[in-house]
Amino acid sequence: MKLIVSVKRVIDYNIKVRVKADNTGVDLANVKMALNPFCEIAVEEAIRLKEAGVASEVVVVSIGPTAVQEQLRTALALGADRAIHVETDELPEPLNVAKLLAKVIEAEQPGLVILGKQSIDSDNNQVGQMLAALAGRPQGTFASEVKVEGGKVLVTREVDGGLRTLSLDLPAIVTTDLRLNEPRYAKLPDIMKAKRKPLDVKTPADLGVELKQHITQLKVETPAQREAGIKVDSVDALIDKLKNEAKVI
Amino acid sequence: MNILLIAEHDNSALNPATLSAVSAATQIGGELTVLVAGADCQNVADEAAKVSGVSKVLLADNAAYAKGLAENLSALIAEVATGYSHIIAAASSTSKDTMPRVAALLDVGQLSEIIAVESADIFKRPIYAGNAIATVQSQDAVKVITVRTSAFDKAAAEGGCAGVETVANSRDSGTSNFVNEELVKSDRPELTAASVVISGGRGLGSAENFALLENVADKLGAAIGASRAAVDAGFVSNDLQVGQTGKIVAPELYIAVGISGAIQHLAGMKESKVIVAINKDEEAPIFQLADYGLVGDLFKVLPELEAKL
Ligand SMILES: Cc1cc2nc3c(=O)[nH]c(=O)nc-3n(C[C@H](O)[C@H](O)[C@H](O)COP(=O)(O)OP(=O)(O)OC[C@H]3O[C@@H](n4cnc5c(N)ncnc54)[C@H](O)[C@@H]3O)c2cc1C
Ligand SMILES: Nc1ncnc2c1ncn2[C@@H]1O[C@H](COP(=O)(O)O)[C@@H](O)[C@H]1O
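Please read these numbers as outputs of a predicted model, since none were measured by experiment.

Engineer: Looking at this structure, how should I read the site of ligand 2?
Structural biologist: All names here are of chain A. Around ligand 2, the surrounding shell holds 19 residues, and the nearest of these are S6, I63, S119, N125 and Q126. At 2.8 Å, a backbone N or O of N125 approaches an oxygen atom of ligand 2. Here ligand 2 has 480 Å² of accessible area as a free molecule, and 99% of this is covered by the chains. Mapped onto the shell around ligand 2, the elements with two or more residues apiece are β4 (57-64) and β6 (112-116). The leading source of residues in the shell around ligand 2 is β4, at 3 residues. When its residues are assigned to classes, the shell around ligand 2 shows 8 nonpolar, 10 polar and 1 charged.

Next comes the structure, spelled out in structure tokens:
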């Protein structure tokens, strides 16, 4: 079975973002970029399925400017077999990403597609579900466990009240939650080897997709900052403040 | 404007998160129809009909919708959607699963977790774990929206008298089947609805030690929350995680115990009215936004707090 993993290039999760002075967006100049953490988990899951003999090939896809090839190489170093870069000037919005991925899937015919549940920059949490709808396939979102057996995939999902397990017909779309696995680090020899693994570049036109704008970003602002409070020196002082000053207990 | 609001419920009662979505819908303006999709959920429809501001309730009562499977629900919603300008739902694990599917079926974008309504097509939403707020405009004829419930007051649960109409429709994809669920039962207030939340982090050290937190929670009538580190370590279940990718809470009082204050955690609680931090490290970033900080060992502080409350 072939697996497709879709990965996004985002700001490193450790970095505190700064809004640009002209309010057009967030300052990404000279900022460390990385694989979206949920996509790292998606890559790890795919590699484990390959190591377990469930999957035969892992193909990673990323959509965006040339720079996303850096993250594709990272995924190849982690163990993916080949990469597809769909080149666009900017990172397109979720529905466009889903349409491009739907075309890649049509051509590649994977048994399972694994995505992150959410990009940590746009916080959309949309692409996997949109892709599943466009491809007319079942979805297992926010997965904390994935088991392929008997032509189906069992997905345990993190839901508001706890955990819920679904059985999905293959091909299916899965999106990862934090506790699905702990991603490995790439080893230096693998990073060298990754440079020679195949990486195809395609354009949206090659895939027959016209990108459309659905949502316009009018401005980006820094949220209201909380004023730092005070330190209290004892439990008694804390209880007194909560009772008599804040009046919350 | 004609708004279709998808009710959040468990087939027996309307989830109060729905009331926050109703407030957001009311700010957009126009006629408000609530869709209740589930199985044996007439009660929910009756409750929804009483919510102030609701003009009509559609009830799709069918086994296919019992477990909120996104494949079935999204097909239903996309079919019912004709004629509506907005399709809106409280951001929950069910709507996050379903609504993007609806948007794709309708060939429109989705606005996730809005926190303010500027006009019928302009909204604010947090990005980068709440470290930036984007003002966004939808270009689509139909706007698919999820609402961050902590940002909107709840509409009155009583006062309306909408009629209930039945939608006779069964959309079962057959490709996704419910196997089982482990829902966490608790007598405590629900995390996102509680007025006091006390959360524990890695500093608690073990699942057993969460009892210290529970004792204080009992005194305060508080809900229990946790950081990702505490959930990952298996101290508590996943549904208690507060943060960018967990629950978003904004109680009157939030008490963070043994939590350092990573941006991903702050994203889920920084709109709380009063924040208390208890941490032995006086440099912990959580102190930068706490109204009241107590530097100390939680194993001493929590029992003392319990005794004195
Ligand atoms: C993609 C992504 C998403 C994430 N989403 C979330 C999320 O939704 N929610 C979330 O919480 N995190 C999230 N995280 C993780 C986040 O970055 C932090 O790792 C996490 O919040 C740390 O948890 P913590 O504060 O409990 O642990 P730590 O950072 O280890 O802090 C433990 C604290 O306990 C204190 N302490 C230890 N012992 C004691 C004692 N005896 N008495 C008093 N204090 C003590 C220490 O001083 C320290 O400050 C996410 C990370 C990523 C990459
Ligand atoms: N530009 C992109 N290229 C490839 N995959 C993407 C891209 N954008 C989003 N995704 C995938 O979709 C997931 C969810 O993203 P989002 O819906 O934007 O929060 C990510 O974790 C990725 O797996």
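Still more to cover.
Engineer: Even after reading the chapter, I still don't get the domain arrangement of chain B, so can you show me in this structure?
Structural biologist: Often, the extent of an interface is quoted as the loss of accessible area upon association of its parts. All names here are of chain B. Taken as a whole, chain B is organised into domain 1 (2-166) and domain 2 (191-308). The straight-line distance from the C-alpha centre of domain 1 to that of domain 2 is 30 Å. With 6 residues of domain 1 at the interface, the matching set in domain 2 holds 7 residues. Of the roughly 610 Å² buried at the junction of domain 1 and domain 2 (both faces included), carbon and sulfur atoms supply 51%. For domain 1, the biggest contributors to the area lost against domain 2 are A129, R148 and S150; these three give 61% of the whole. At the boundary of domain 1 and domain 2, one finds 0 salt bridges. Joining domain 1 to domain 2, the criterion identifies 1 residue pair in polar contact (both at pLDDT 80 or more).

Engineer: Looking at this structure, I do not really get helix α5 (residues 210-220) of chain B. What am I missing?
Structural biologist: Quick reminder: α-helices carry 3.6 residues per turn. Residues three or four places apart thus point the same way. All names here are of chain B. Three or more residues of α5 are buried, namely F210, L213, V216, A217 and L220. End-on, the buried residues of α5 take up no more than an arc of 120°, which puts them together on one face. Each element contacted by the buried residues of α5 is listed here: β12 (196-200), β13 (223-226), α6 (228-232), β14 (253-257) and α8 (298-308). Among the residues trailing α5, G221 stands out with phi positive, at a value near 65°.

Engineer: Honestly, the sheet that holds strand β5 (residues 110-114) of chain B in this entry has me stumped. Any pointers?
Structural biologist: Pairing between sheet strands relies on hydrogen bonds along the backbone, with the strands arranged either parallel or antiparallel. Residues and elements named next belong to chain B. Read across the sheet, 7 strands follow the order β5-β9-β4-β1-β2-β3-β10 without closing on themselves; strand pairing throughout is parallel. If you trace the sheet from one side to the other, it starts and ends with β5 and β10 (163-166), each paired once. On average, adjacent strands in this sheet sit at an angle of 25° to one another, irrespective of strand direction. Bridging between strand β1 (residues 2-6) and strand β4 (residues 86-90) involves 4 bridges; their strand directions are parallel. By the bridge assignment for β4, I3 is matched with H86. Helix-sheet contacts for helix α4 (residues 93-105) involve β1, β4, β5 and β9 (143-147), and the interaxial angle to β4 is about 170°.

Engineer: Looking at this structure, I do not really get the nonpolar core. What am I missing?
Structural biologist: A general tendency of soluble globular proteins is for nonpolar side chains to be buried together. The biggest cluster of nonpolar side chains holds 48 residues, and the ones touching the most others in it are L131 of chain A together with L4 and I87 of chain B. If sequence neighbours within four positions are ignored, L131 of chain A has contacts with A98, L101, A102, I105, V113, L115 and I173 of chain A. Of all hydrophobic cores here, the second largest spans 46 residues; its members include I215 of chain A together with A21, V36 and V54 of chain B.

Conventions and cut-offs
- Residues numbered from 1 in each chain as written.
- Chains lettered and ligands numbered in written order.
- Predicted model: local features only at pLDDT ≥ 70, side-chain atom pairs only at ≥ 80, totals over all residues.
- Heavy atoms only, no water.
- Near = heavy atom within 4 Å.
- Polar contact = N/O pair within 3.5 Å; in protein donor to acceptor, adjacent residues only side chain to side chain.
- Areas by Shrake-Rupley, 256 points an atom, 1.4 Å probe, with all protein chains shown as cover.
- Helix = DSSP H or I, 4+ residues; strand = E, 2+ residues; numbered from the N terminus.
- Nonpolar A, V, L, I, M, F, W, Y, C, P; charged D, E, K, R; others polar.
- Domains from an automatic or database assignment.
- Contact = heavy atoms within 4.5 Å.
- Buried area = accessible area lost by both parts, 1.4 Å probe.
- Salt bridge = Lys/Arg side-chain N within 4 Å of Asp/Glu carboxyl O.
- Buried < 20%, exposed > 50% of the residue type's maximum accessible area, 1.4 Å probe, protein only.
- Arc of directions from axis to C-beta.
- Pairing = 2+ DSSP bridges.
- Axes fitted to C-alpha atoms, helices over the stretch in contact; angles between N-to-C directions.
- Core = buried A, V, L, I, M, F, W, Y, C linked by side-chain atoms within 4.5 Å.

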